Amino acid sequence: GYYAPIKHDEEFDYFNLGKIALDMLYEKMCRTGITDMFNARFDMRLMEFTDEAYDMELVNVMDGQITTWYADPDYKQHALKPLAQRFNGYYRPDLSHTMKNAGIDGFNVGKIHPENILFYGAMDGIDTLELGLGTYQFHKEFGLAGEIDKKLLYVLMDLENFPMIVDMKYLEEQCKLLEPKLAALDAEIHDAIG
């Protein structure tokens, strides 16, 4: 596992790798068969809202938050630490413990000395990879549904960048029109498969 300091506060500026690290990371992600992420929306946004605006649509992302859901849809925890405990078999303290041990209130990683966040960040990377490797088979088992989810990941995230006005009354009317059609289709499916 690695940790690349990008934008720590000014007092730690000599550690910051900045754009050089992001360029290297992006180039590697574009060339890699699968890039495992956890809560990919966060990482993808970070990459897209830099001055460089890296095109994350070119990266083949597999989100461990989704593949763990495929593995156990009834499991109610969706954060990295509980999922790593559930699927990887071990528990590590979350970021609040690391920040508290460094004497920092809140979650601003930029305020902590990079050497104090190194282990935490590297272990998050390892947890993410292990979750991805351990649950990828369930993505494959979901077949077409898994592929659709994967293709929609970037599109839905991109849509969040553009606010939309929704006519709720019209939407409710359309839902009422669709309900009988969906019920008929549901009955037809049950008849076909028994």
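All figures in this text were calculated on a predicted structure; none of them were measured in a lab.

It is worth spelling out a nonpolar patch on the surface at this point. A surface patch of nonpolar side chains, about 940 Å² in accessible area, is lined by Leu144, Ile148, Leu152, Val155, Leu156, Leu159, Met164, Val166, Met168 and Leu171. The biggest single contributor to the nonpolar patch is helix α7 (residues 143-159), with 6 residues. Tracing the backbone shows Val166 in the loop between α7 and α8 (168-193). By relative accessible area, Val166 is classed as partly exposed at 48%.

Before going further, it helps to examine the nonpolar core. Tyr26, Met29, Met37, Met44, Met47, Met56 and Val61 are the most contacted members of the largest nonpolar core, which has 14 residues in total. Among the secondary structure elements, those contributing two or more residues to this core are α1 (18-31), α2 (40-48) and α7. If we skip the residues at most four places from it in the chain, Tyr26 touches Met47, Tyr54, Asp55, Met56, Leu58 and Val59. Core analysis: the next-biggest nonpolar cluster, separate from the first, contains 6 residues, Met99, Ile104, Ile117 and Tyr120 among them.

Right, let's talk about the layout of surface pockets for a bit. Taken as a whole, the second largest pocket encloses approximately 280 Å³ of empty space. Around the second largest pocket, the lining comprises 14 residues; the ones closest to its centre are Asp63, Ile66, Asp149, Leu153 and Leu156. Residue assignment for the lining of the second largest pocket shows that the elements contributing at least two residues are α2, α3 (64-71) and α7. Sort the elements by how many residues they give to the lining of the second largest pocket and α7 lands first, with 5 residues. Residues belonging to the lining of the second largest pocket are distributed by class as follows: 8 nonpolar, 2 polar and 4 charged.

By the burial criterion, the buried members of helix α4 (residues 80-88) are Leu80, Lys81, Pro82, Leu83 and Ala84. The inward-facing, buried residues of α4 abut α3 and α6 (114-141). Positive backbone phi, at 90°, marks Gly89, one or two positions downstream of α4.

Okay, empty space enclosed by the protein next. Using the criterion set out here, one finds 2 cavities of 30 Å³ or more in the structure. In this structure, the largest cavity is lined by Val61, Met62, Asp63, Ile66, Tyr70, His139, Gly146, Lys150 and Leu153. Sorting the residues of the lining of the largest cavity by element identifies β2 (61-63), α3 and α7 as the ones contributing at least two each. Looking at the lining of the largest cavity residue by residue, the class counts come to 5 nonpolar, 2 polar and 2 charged. Its volume calculated, the second largest cavity comes out at about 40 Å³. Taken together, Gln65, Thr68, Trp69, Asp72, Tyr75, Gln77, His78, Leu83 and Phe87 make up the lining of the second largest cavity. When contributions to the lining of the second largest cavity are tallied by element, the ones reaching two or more residues are α3 and α4. Here the lining of the second largest cavity takes 3 residues from α3, the largest share from any one element. By residue class, the composition of the lining of the second largest cavity is 4 nonpolar, 4 polar and 1 charged.

Reading the values: rules and limits
- Residues numbered from 1 in each chain as written.
- Predicted model: local features only at pLDDT ≥ 70, side-chain atom pairs only at ≥ 80, totals over all residues.
- Heavy atoms only, no water.
- Patch = residues over 30% accessible without salt bridge, like charges linked within 9 Å, V, L, I, M, F, W, Y side chains within 5 Å.
- Areas by Shrake-Rupley, 256 points an atom, 1.4 Å probe, with all protein chains shown as cover.
- Salt bridge = Lys/Arg side-chain N within 4 Å of Asp/Glu carboxyl O.
- Helix = DSSP H or I, 4+ residues; strand = E, 2+ residues; numbered from the N terminus.
- Buried < 20%, exposed > 50% of the residue type's maximum accessible area, 1.4 Å probe, protein only.
- Core = buried A, V, L, I, M, F, W, Y, C linked by side-chain atoms within 4.5 Å.
- Contact = heavy atoms within 4.5 Å.
- 1 Å grid on protein atoms, 1.4 Å probe; cavity = no way out; pocket = protein on both sides within 12 Å on 5 of 7 lines; lining within 4 Å.
- Points joined across faces, edges and corners; volume = space filled by probe spheres on them.
- Nonpolar A, V, L, I, M, F, W, Y, C, P; charged D, E, K, R; others polar.

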